[in-house]
Amino acid sequence: MMKRIITTTVINQSGVLNRVTGLLMKRQFNIESITVGHTEQPGISKMTFVVHVEDQRKLEQLLKQLQKQIDVLKVNDISDKAIVTRELALIKILSPPAVRSEITSIIEPFRATVIDMSKNVITVQVTGDPEKVEAFIDLVKPYGIKEMTRTGATSFVRENQKTPSQQLSIL
Amino acid sequence: MSVQVNAKQAEALGGDVEKQAVQGADIFIQSLQNEGVEMIFGYPGGAVLPIYDALYKNPIPHILARHEQGAIHAAEGYARVSGKAGVVIATSGPGATNLVTGIADAMMDSLPLVVFTGQVASAVIGTDAFQEADIVGITQPITKHNYQVKDVNDLPRIIHEAFHIASTGRPGPVLVDIPKNVSNEIFTKADVKQNEVNLPGYQPTTTPNFLQIQKVAQAIQKAEKPLVLAGAGILHAKASKEFTSFIEQTGLPVTNTLLGLGTIHGEHSQFLGMAGMHGTYAANMAICECDLLINIGARFDDRLTGNLEHFAPNAQIIHIDIDPAEIGKNVPTDIPIVADAKEAIQALLKLGVVTEGIGDWTAHLNGMKQEFPLHYKNEEEGILPQEAIEMIHKHTGGDAIVTTDVGQHQMWTAQYYKFNHPDHWVTSGGLGTMGFGFPAAIGAQLAKPNETVVAITGDGGFQMTLQELSLLQESQIPVKVVILNNQCLGMVRQWQETFYQERYSQSLMPSQPDFVKLAQAYDLEGYKVSSLDEADEVFKKALQSNKPVLIDCRVKQIENVYPMVAPGKGLHEMLGVK
Ligand SMILES: Cc1ncc(C[n+]2csc(CCOP(=O)(O)OP(=O)(O)O)c2C)c(N)n1
């Protein structure tokens, strides 16, 4: 299995998210996460998926099937490029006064922020690439995670690419 | 209701609507007329009442099927033989869901359809209103694209886009869902721009890459054992003339997919017959042995390839397809070409592509063709289904438009009816839809009123859509229905015989209507034939008649379609070769 990050630019018609996820389901692709949001152009949205595919051929199929959708303008597999990826997680951590300062000391190096607090629970926001978010979650897990929500990854290709990366041929 | 219409709008609508409110339904009819729609296949109901009212005032010929499934299969038959988009209208809810099988069928076989469904009023969509079904959601995976119209002012654009999408690139069905209030609303746009298309995400590639075409030419010249696999893409591109020139110019041997039959004359000396599960020995062995396989307009369907591990194991693969997603989907490709089949073939012809030294190969293939032809064992009495097909061929001279249902009769027709012409073969290949053949023949006959149209069906499948006999009687549509009656679900029975030790679970159908009386009940001519002599006489008369006729042709029950590649086997592992 290969993990790939795929971005698509789509026309923001009603139902477009459904179309794209429906397509992935019909063709039996495994989505790890999906994010959608507006872009700088009115009426145009961008979706970022993290998917697991078996091999290069399946990947090519996925890209071509996405490209075939009438409302899809552009499809890119950016996994092999220099990219920036960010994800945001909100986590409610059990933090009775006894351990609170210990937890705060974990929060700091991750540049996470406390955004809400009650007697025994603090809510923390952590942003970064998915591995960093993962690492943070692992560290706070022993204290007890009451609730958590993650946005999934969203990505950009960097302006400067070091080496020309191999482009999959969309014929 | 009297709303002032400005001069520009009135002009765009033909000038005769001055001082009259122009409603969505009127715009709808006008848009269909602008698309040159010759006929509509449909069925009315609550949500499309405004549309049917507009149709009453401003008629386009409308074929009132007796079931929405009949309407859409007829539209498919029309589309297949005419090359134009078939147009279907149905009401919301059950009307729309009755179309689902036909939409999926058209999607699989790349048939251009524009399907209009009524929808409940916008205000109540999402409330489980009476006759509400989320047809846009339901058909999203089985349409090339679909729309729900939200604003009456978008209607002309959406209809034009729907026809554009359905009939360009790889054709397919497009559904347009129209809420009832949209049909009633007053069109307020000053300008009815009928040719507006706003589809930045849809630009099919039709012109082949020249460098790739050169590579194809080189590969053909180098190959010692080349083979062409011709699919329905050639028919959709209306390229069979160019294709035949290409074949004759190069001397390349050809095989067909099921849906590709008719791309080349069925008795052409370079034609090896159909390939695949019930393909000929020569065609399947040619695929196994070739060193270059040139696929033009076929999608390497599993019924064609058999077990992929054994498919064309020694061949370099060229795949020419208008849909890039088909290339590399099932079979890894060495030389991919995304193009319209006609443009690609023309480019090859222009290059003057030739073969060199393939004489031994073609002699070998012709030898196999001679030694292992399609065959059946003549019986003393009764009719073999294969004999019936040959008889139909004899009495139509290979010129008829032939539609089939799905099952044994379909495979025998594919094997034994040698088509003289392209676009004369109408069958449900991808979805394998029983109930398709008879209504599809009605649509085909309406598209080509001067041709002989024969619907060859099984007794099982015919009973799925036989209500359309009403149409034959009502409009005297001269379709010839031939039921190859084996009193069973023959193809199921064959599989049960071969793979389930003759446990005929629910596949024998001894109880059936008297089909001759059924025809008479619809005021149609009906005949039953049980011997070859009877059949010869009745077929001769019926196939020359200009009236609709139904023939209940009794055939031997226990008869199998051979050769056969069992599921999971490679093309070289055929049963019943000799
Ligand atoms: C709608 C539908 N239901 C079920 C099937 C499965 N099926 C394939 S062939 C077949 C038997 C068809 O029998 P009949 O129409 O009598 O034709 P025959 O095979 O006897 O020529 C069946 C049930 C199908 N293809 N389509």
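Identification of chain B as Acetolactate synthase from Jeotgalibacillus salarius is taken from an unreviewed UniProt entry. Its UniProt record, at the heading Catalytic activity (unreviewed entry), says of chain B: "2 pyruvate + H(+) = (2S)-2-acetolactate + CO2". Quoted verbatim from the Sequence similarities (unreviewed entry) field of UniProt, the annotation for chain B is "Belongs to the TPP enzyme family."

## Here we look at the overall build of chain B
Along chain B, the regular secondary structure elements total 24 helices and 20 strands. Considering only C-alpha atoms, chain B reaches an extent of 80 × 60 × 40 Å along its principal axes. For chain B, the residues scored as buried account for 59% of the 578 residues in total. Contacts in chain B between residues at least 24 apart in sequence constitute 74% of all its contacts with a sequence separation of at least 6. Of the roughly 22000 Å² of accessible surface on chain B, a fraction of 50% belongs to carbon and sulfur atoms. A gap of 2 Å separates the mean positions of the 40 positive and 63 negative side-chain charges of chain B.

## Things to note about the interface of chain B and chain A
Tallying the contact residues gives 23 residues for chain B and 20 residues for chain A. For the pairing of chain B and chain A, the buried interface totals around 1700 Å² over both sides, and the portion due to carbon and sulfur atoms is 52%. Taken together, chain B and chain A are joined by 1 salt bridge. At the level of secondary structure, the elements contributing two or more residues to the side of chain B that touches chain A comprise strand E5 (145–148) and strand E12 (335–338) of chain B. Counted by class, the side of chain B that touches chain A contains 12 nonpolar, 6 polar and 5 charged residues.

## Details of empty space enclosed by the protein
All names here are of chain B. The full count for this structure, using the stated rule, is 2 cavities of 30 Å³ or more. By volume, the largest cavity amounts to about 100 Å³. Lining of the largest cavity is provided by 13 residues; of these, Arg80, Asp109, Leu111, Leu259 and Thr427 occupy positions nearest its centre. At 3 residues, helix H11 (residues 232–236) tops the list of elements feeding residues into the lining of the largest cavity. Reported here for the second largest cavity is a volume of approximately 40 Å³.

## Description of the packing of aromatic side chains
Residues and elements named next belong to chain B. For the structure on display, the rule yields 12 aromatic pairs over all chains. Between the aromatic rings of Phe300 and Phe311, the centroid separation amounts to 5.5 Å while the plane-to-plane angle is 75 degrees, which identifies the pairing as edge-to-face. One end of the pair, Phe300, is in the loop between strand E10 (292–296) and helix H14 (302–305); the other, Phe311, is in the loop between H14 and strand E11 (316–321), with 11 residues separating them in the sequence. One aromatic cluster is present, built from ring pairs that chain together Tyr417, Phe419 and Trp425.

## Focus on the site of the ligand
Residues and elements named next belong to chain B. In the vicinity of the ligand there are 17 residues, among which Gln408, His409, Gly432, Gly461 and Gly490 approach most closely. A distance of 2.9 Å is found between an oxygen atom of the ligand and a backbone nitrogen or oxygen belonging to Gly460. Between the ligand and the protein, one listed contact pairs an oxygen atom with a backbone N or O atom of Gly461 at 2.7 Å. Elements represented by at least two residues in the shell around the ligand include exactly helix H18 (408–416), helix H20 (459–465) and helix H22 (490–499). At 4 residues, the largest contribution of residues to the shell around the ligand is made by H20.

## Here we look at the sheet that holds E10(B)
Residue and element names in this part refer to chain B. Strands sit in the order E9-E8-E7-E10-E11-E12 across an open sheet of 6 strands; the sheet is parallel. The outermost strands of the open sheet, each flanked by one partner alone, are strand E9 (271–274) and E12. Looking at each pair of strands side by side, their axes are set apart by 15 degrees on average, direction ignored. Both E11 and E12 contribute to a ladder of 4 bridges, which runs parallel. Along E12, the bridge assignment pairs Asp321 with Val338.

## A few points about the pattern of salt bridges
Residue and element names in this part refer to chain B. All told, the structure shown has 28 salt bridges over all chains when counted by the stated rule. We note a salt bridge from Asp552 to Arg554, for which the minimum N-O separation is 3.1 Å. Residue classification places Arg554 among the partly exposed positions, given a relative accessible area of 22%.

## Quick look at the environment of A:Gly152
Residues and elements named next belong to chain A. Relative to the helices and strands, Gly152 resides in the loop between strand E8 (145–150) and strand E9 (154–157). On the accessibility criterion, Gly152 (7% relative accessible area) is buried. C-alpha separation for the pair Gly152 and Lys81, spaced 71 residues apart in sequence, amounts to 19 Å. With near-sequence residues (within four places) excluded, Gly152 lies in contact with Ser33, Thr35, Arg86 and Glu87.

## Topic: the domain arrangement of chain A
By a widely used convention, the size of an interface equals the accessible area lost when the partners come together. Residue and element names in this part refer to chain A. Partitioning chain A into structural domains gives domain 1 (2–77) and domain 2 (84–155). Across the contact, 8 residues belong to domain 1 and 6 residues belong to domain 2. Across the domain 1 to domain 2 interface the summed buried area is about 450 Å²; carbon plus sulfur atoms make up 49%. For the domain 1 face of the interface with domain 2, the top three residues by lost area are Ile5, Thr35 and Thr48, together amounting to 60%.

## Examining the domain arrangement of chain B
Residues and elements named next belong to chain B. Along its sequence, chain B is carved into domain 1 (7–184), domain 2 (210–371) and domain 3 (385–567). Here the C-alpha centre of domain 3 lies 31 Å away from the C-alpha centre of domain 1. Contacts between domain 1 and domain 3 engage 22 residues on the former and 26 residues on the latter. Roughly 1900 Å² is buried in total at the junction of domain 1 and domain 3, and carbon and sulfur atoms are behind 66% of that figure. Considering only the side of domain 1, the residues that lose the most area to domain 3 are Arg66, Arg80 and Val81, jointly responsible for 33% of the buried surface there. Here domain 1 and domain 3 share 2 salt bridges between them. A salt bridge links Arg80 to Asp423; the nearest nitrogen and oxygen atoms lie 2.8 Å apart. The set of elements that each furnish at least two residues to the side of domain 1 that touches domain 3 consists of strand E2 (62–64), helix H4 (68–82) and helix H6 (100–108).

## Here we look at helix H15 (residues 341–351) of chain B
All names here are of chain B. Turning to H15, its buried residues number three or more, namely Ala341, Ala344, Ile345, Ala347 and Leu348. Seen along its axis, H15 keeps its buried residues to an arc of 155 degrees; they face one direction. Of the surrounding elements, those touching the buried residues of H15 are helix H10 (210–222), H11, helix H12 (240–250), E10 and E11. Where H15 starts, the residue carrying a side-chain oxygen 3.1 Å from the main-chain nitrogen of Lys342 turns out to be Asp340. Of the residues one or two after H15, Gly352 is the one with positive phi, at around 70 degrees.

Procedures and definitions
- Residues numbered from 1 in each chain as written.
- Chains lettered and ligands numbered in written order.
- Predicted model: local features only at pLDDT ≥ 70, side-chain atom pairs only at ≥ 80, totals over all residues.
- Heavy atoms only, no water.
- UniProt positions renumbered as here; feature names shortened; annotations may be inferred.
- Helix = DSSP H or I, 4+ residues; strand = E, 2+ residues; numbered from the N terminus.
- Buried < 20%, exposed > 50% of the residue type's maximum accessible area, 1.4 Å probe, protein only.
- Contact = heavy atoms within 4.5 Å.
- Areas by Shrake-Rupley, 256 points an atom, 1.4 Å probe, with all protein chains shown as cover.
- Lys, Arg positive; Asp, Glu negative; His and termini not counted.
- Charge placed at Lys NZ, Arg CZ, Asp CG, Glu CD.
- Buried area = accessible area lost by both parts, 1.4 Å probe.
- Salt bridge = Lys/Arg side-chain N within 4 Å of Asp/Glu carboxyl O.
- Nonpolar A, V, L, I, M, F, W, Y, C, P; charged D, E, K, R; others polar.
- 1 Å grid on protein atoms, 1.4 Å probe; cavity = no way out; pocket = protein on both sides within 12 Å on 5 of 7 lines; lining within 4 Å.
- Points joined across faces, edges and corners; volume = space filled by probe spheres on them.
- Phe/Tyr/Trp six-rings, centres within 6.5 Å; stacked < 30°, edge-to-face > 60°.
- Near = heavy atom within 4 Å.
- Polar contact = N/O pair within 3.5 Å; in protein donor to acceptor, adjacent residues only side chain to side chain.
- Pairing = 2+ DSSP bridges.
- Axes fitted to C-alpha atoms, helices over the stretch in contact; angles between N-to-C directions.
- Domains from an automatic or database assignment.
- Arc of directions from axis to C-beta.

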